[in-house]
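Here is how the chains run, residue by residue.
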Amino acid sequence: MTEAILLVGGRGTRLRPLTVHTPKPMLPAAGVPFLTHQLARARAAGVDHIVLATSYLAEVFEPHFGDGSALGLHLEYVTEEEPLGTGGAIRNAAAHLHSAPEDPVLVFNGDILTGLDIRRLVGTHRATGADVSLHLTQVTDPRAYGLVPTDETGRVLAFLEKPQTPEEIVTDQINAGAYVFRRSVIDTIPAGRPVSVERETFPDLLAAGAHLQGMVDSTYWLDLGTPAAFVRGSADLVLGRAPSPAVPGRCGDRLVLPTARVAGDAKLTGGTVVGEGAFVGEGARVFGSTVLAGAVVEPGAVITDSLIGARARIGERSVLTGTVVGDGAIIGADNELRAGVRVWCDAQIPTGALRFSSDEGA
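Residues numbered from 1 in each chain as written. Predicted model: local features only at pLDDT ≥ 70, side-chain atom pairs only at ≥ 80, totals over all residues. Heavy atoms only, no water.

### Things to note about the nonpolar core
Move 1: Ile 5, Ile 90, Val 132, Leu 134, Phe 181, Phe 202 and Leu 212 are the most contacted members of the largest nonpolar core, which has 29 residues in total.
Move 2: When contributions to this core are tallied by element, the ones reaching two or more residues are strand E1 (3-7), strand E4 (49-54), helix H3 (85-93), strand E6 (104-109), strand E8 (132-138), strand E9 (173-182), helix H5 (183-186) and helix H6 (197-207).
Move 3: Dropping the residues within four chain positions of it, Ile 90 is found in contact with Ile 5, Leu 7, Val 107, Phe 181, Ile 186, Ile 189 and Val 197.
Move 4: Formed by 25 residues, the second largest nonpolar core is a distinct cluster that contains Ala 4, Leu 6, Val 8 and Met 215. (Core = buried A, V, L, I, M, F, W, Y, C linked by side-chain atoms within 4.5 Å. Buried < 20%, exposed > 50% of the residue type's maximum accessible area, 1.4 Å probe, protein only. Helix = DSSP H or I, 4+ residues; strand = E, 2+ residues; numbered from the N terminus. Contact = heavy atoms within 4.5 Å.)

Written out as structure tokens, the structure is:
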């Protein structure tokens, strides 16, 4: 296998305000754009030609990655003028493939962090003679996902969207968002209109008697669609829990990029990342968080499981837990922001303006 389609066109609405200026796959995870990790893992698995299916902020990708030669890849870019869904995006990108009709083509999503054994998925596809092979993973609570029951040989029996009752949960296997298509099957996807592979392509193929093969691989898997998940994924890359050859440094408790400055008594733990040109002041404590390029964490601030946008500033003694701070925002001193708070880009919160506890003794 030498070719792949990577779907990077989503708007990343669940990640706003992080995605106001940056498409989701380009958000920094463990010091580099998340897409870098996916490209590096594909290259390590033997892929050398990847077509990026872009849409939202499409102009950002090519200036960063170019022709892909720095990663040992040949990259091409296809832009959807109107969103086409997963199936439509695959069909739209197919014109740039060079594969023969029977060749396998890897397809994967730009928002999944996974330790999937790509070579094993392709090997399963070849060995079973499948039309499409799917990476399946097992989850404790499958209600938020599409279920994919299989028979004892791994052949897919059905696609069941987001079960609501206990009776509907017939398996803990879910569609994990990576596929291998027989090249000729991609050409059967309707062109020029939105198509969902989950709701249309795969069920229609099953109904027509096609062979869809599932391969369960329950190594690390995380959908990075929410701010909390994205922060956790970045931390897991730094800690070495999620595998990637693209982490720019040794795995450990912290990753401080070369031009960042960290005060000697500041404490960084839990897979924290401090981006280029960022600053963390005296006595600050940052756990399991990402501080993006040019951001400032002032002395005594305490930041946990949060993402601080580029050029943002966190004031002295402010406490942030499970918080997203947009690019250029300013949080004044002595604020307290708790889980779920999103501060929009360039917003300004005055000193002591937000608290969840008394200011006595603060």
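So much for the structure itself; the text now carries on.
### Some thoughts on the packing of aromatic side chains
Move 1: Scanning the entire structure with this criterion turns up five aromatic pairs.
Move 2: Ring centres 6.2 Å apart and planes at 90 degrees place the aromatic pair Tyr 179 and Phe 181 in the edge-to-face group. Note on accessibility: Tyr 179 and Phe 181 belong to one class, buried.
Move 3: Site record: aromatic cluster; members linked through ring pairs are Phe 159, Tyr 179, Phe 181 and Phe 202. (Phe/Tyr/Trp six-rings, centres within 6.5 Å; stacked < 30°, edge-to-face > 60°.)

### Here's the deal with the sheet that holds strand E24 (residues 324-325)
Move 1: What the six strands build is an open sheet, ordered E12-E15-E18-E21-E24-E27; its pairing is parallel. Two strands in the sheet have a free side with no partner beyond their single neighbour: strand E12 (254-256) and strand E27 (342-343).
Move 2: In this structure, E24 lies alongside E27, joined through two bridges in parallel fashion. Note on E27: the bridge partner recorded for Val 324 is Arg 342. (Pairing = 2+ DSSP bridges.)

### Thoughts on the UniProt feature "domain: Nucleotidyl transferase" (unreviewed entry) in the chain
Move 1: The UniProt feature table records "domain: Nucleotidyl transferase" (unreviewed entry) at residues 4-236.
Move 2: Taken end to end, residues 4-236 is 26% helix and 23% strand, and its two terminal C-alpha atoms sit 25 Å from one another. (UniProt positions renumbered as here; feature names shortened; annotations may be inferred.)

### Quick look at the sheet that holds E4
Move 1: On the basis of which strands lie adjacent, the open sheet formed by seven strands has the order E5-E4-E1-E6-E9-E8-E10 and mixed pairing. The open sheet has two edge strands, strand E5 (74-79) and strand E10 (212-216), and neither has a second partner. Strand-to-strand twist of the sheet, defined as the mean angle between neighbouring strand axes without regard to direction, takes the value 25 degrees.
Move 2: Looking at chain direction, E8 and E10 are connected through five bridges and run parallel. Counted as the bridge partner of Ser 133 is Gln 213 from E10.
Move 3: H6 rests against E8, E9 and E10 of the sheet, and its axis sits at about 65 degrees to E9. (Axes fitted to C-alpha atoms, helices over the stretch in contact; angles between N-to-C directions.)

### Concerning the side chain of Gln 213
Move 1: Within the element layout of this structure, Gln 213 appears in strand E10.
Move 2: A polar contact is formed between the side chain of Gln 213 and the side chain of His 211, at a distance of 2.8 Å.
Move 3: If we ignore the near neighbours within four places in the chain, the residues touching Gln 213 are Thr 124, Thr 128, Ala 130, Val 132, Ser 133, Leu 134, Thr 153, Gly 154, Arg 155 and Val 156. (Polar contact = N/O pair within 3.5 Å; in protein donor to acceptor, adjacent residues only side chain to side chain.)

### Structural notes on the pattern of salt bridges
It is possible for side chains bearing opposite charge to pair when their charged atoms get close.
Move 1: Taken as a whole, this structure holds 13 salt bridges when the rule is applied.
Move 2: In this structure, Arg 14 and Asp 223 form a salt bridge, with 3.7 Å as the shortest nitrogen-oxygen distance. One end of the pair, Arg 14, is in the loop between E1 and strand E2 (28-29); the other, Asp 223, is in strand E11 (residues 221-223), and 209 residues separate them in sequence.
Move 3: Given the relative accessible area of 42%, Arg 14 is considered partly exposed.
Move 4: Its salt-bridge partner being Arg 313, residue Glu 298 comes within 2.8 Å of it at the nearest N-O pair. Residue Glu 298 is located in the loop between strand E19 (296-297) and strand E20 (302-304), and its partner Arg 313 is located in strand E22 (residues 313-314); the two are separated by 15 residues in the primary sequence.
Move 5: Of the residues examined, Arg 313 reaches a relative accessible area of 36% and is grouped as partly exposed.
Move 6: Within this structure, Glu 102, Asp 131 and Arg 182 form a network of salt bridges that share partners. (Salt bridge = Lys/Arg side-chain N within 4 Å of Asp/Glu carboxyl O.)

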